[in-house]
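# Structural characterization, general
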Amino acid sequence: MTMDQRTLDNIATLIPAAQDKARAFMDAIAESNRLPTGWYVSIISGLRSYAEQDILYQEGRTTPGPIVTNAPAGYSTHNFGVAFDLGIFDADGRYIDDLPDRGIMSEAQVSDYYRYLAPIGKALGLIWGGDWESIDDEPHYELNLWPDLRETERLAKLRYLHSRGEEIE
Ligand SMILES: [Zn+2]
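Let us look at the structure shown here. Note that the coordinates shown come from a computational prediction; the quantities given were computed from them, not determined experimentally.

Analysis parameters
- Residues numbered from 1 in each chain as written.
- Predicted model: local features only at pLDDT ≥ 70, side-chain atom pairs only at ≥ 80, totals over all residues.
- Pairing = 2+ DSSP bridges.
- Helix = DSSP H or I, 4+ residues; strand = E, 2+ residues; numbered from the N terminus.
- Contact = placed C-beta atoms within 7 Å.
- Axes fitted to C-alpha atoms, helices over the stretch in contact; angles between N-to-C directions.
- Parallel < 35°, antiparallel > 145°, perpendicular 65-115°, else oblique.
- Left-handed = near helix turned anticlockwise from the far one by under 90°.
- Nonpolar A, V, L, I, M, F, W, Y, C, P; charged D, E, K, R; others polar.

### Here's the deal with the sheet that holds strand β1 (residues 40-45)
Read from one edge of the open sheet, four strands run β1-β2-β4-β3, paired in antiparallel fashion. Of all the strands in the sheet, the pair left with one neighbour each is β1 and β3 (127-128). Where β1 and strand β2 (residues 83-89) come together, five bridges link them in antiparallel fashion. Paired with Ser-45 across the two strands is Asp-85, which belongs to β2.

Here it is in structure tokens:
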């Protein structure tokens, strides 16, 4: 699959090990033929700085609009360049997450398409957000840096390394 500019730009924000996994994942998705003809996958989110995370966190709290995240700065693995989100687009280039609101597809169908891709990412050793008990985040994948740590412990270690300006690898 030729990766679009958005995908390339988002991959470039990740730490090297996550970049490698993201590229391998995109290649494996292309080879898998798990999506209908003409559909494609983009990486729509990569690194989010603490400042960017804080802006998101304030939405629906101190700034207008609905709440979009429960993670303050430092509490999303996106803040460390180890996580990325996939977006699935249909043959007309429409982001399928937008289709239920337009009556074109059900939420369950959208969910199914994201779930089809999960075994591919997991086979590469990535953690899948759809496996979390706290929040079900099917487009989300992240590097499994420390397999013996739980999610909260992994985040704490990432925050600690970040606060010391240490390399995450
Ligand atoms: Zn995510």
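### What to know about the environment of Arg-48
With respect to the helices and strands, Arg-48 occurs in the loop between β1 and α3 (50-58). Filtering out sequence-adjacent residues up to four positions away, Arg-48 remains in contact with Gln-53, Ser-76, His-78 and Asn-79.

### Some words on the packing of helix α2 (residues 16-32) against helix α4 (residues 107-123)
Interaxial distance between α2 and α4 falls to 10 Å at its minimum, and their mutual angle equals 130°. When the interaxial angle is binned, α2 and α4 end up oblique. Seen from above, α2 lies across α4 with right-handed handedness. Packed against α2, whose contacting residues are Phe-25, Ala-28, Ile-29 and Ser-32, the element α4 presents Leu-117, Ile-120 and Gly-121 at the interface. Of the residues that constitute the contact of α2 with α4, the class distribution is five nonpolar, two polar and no charged.

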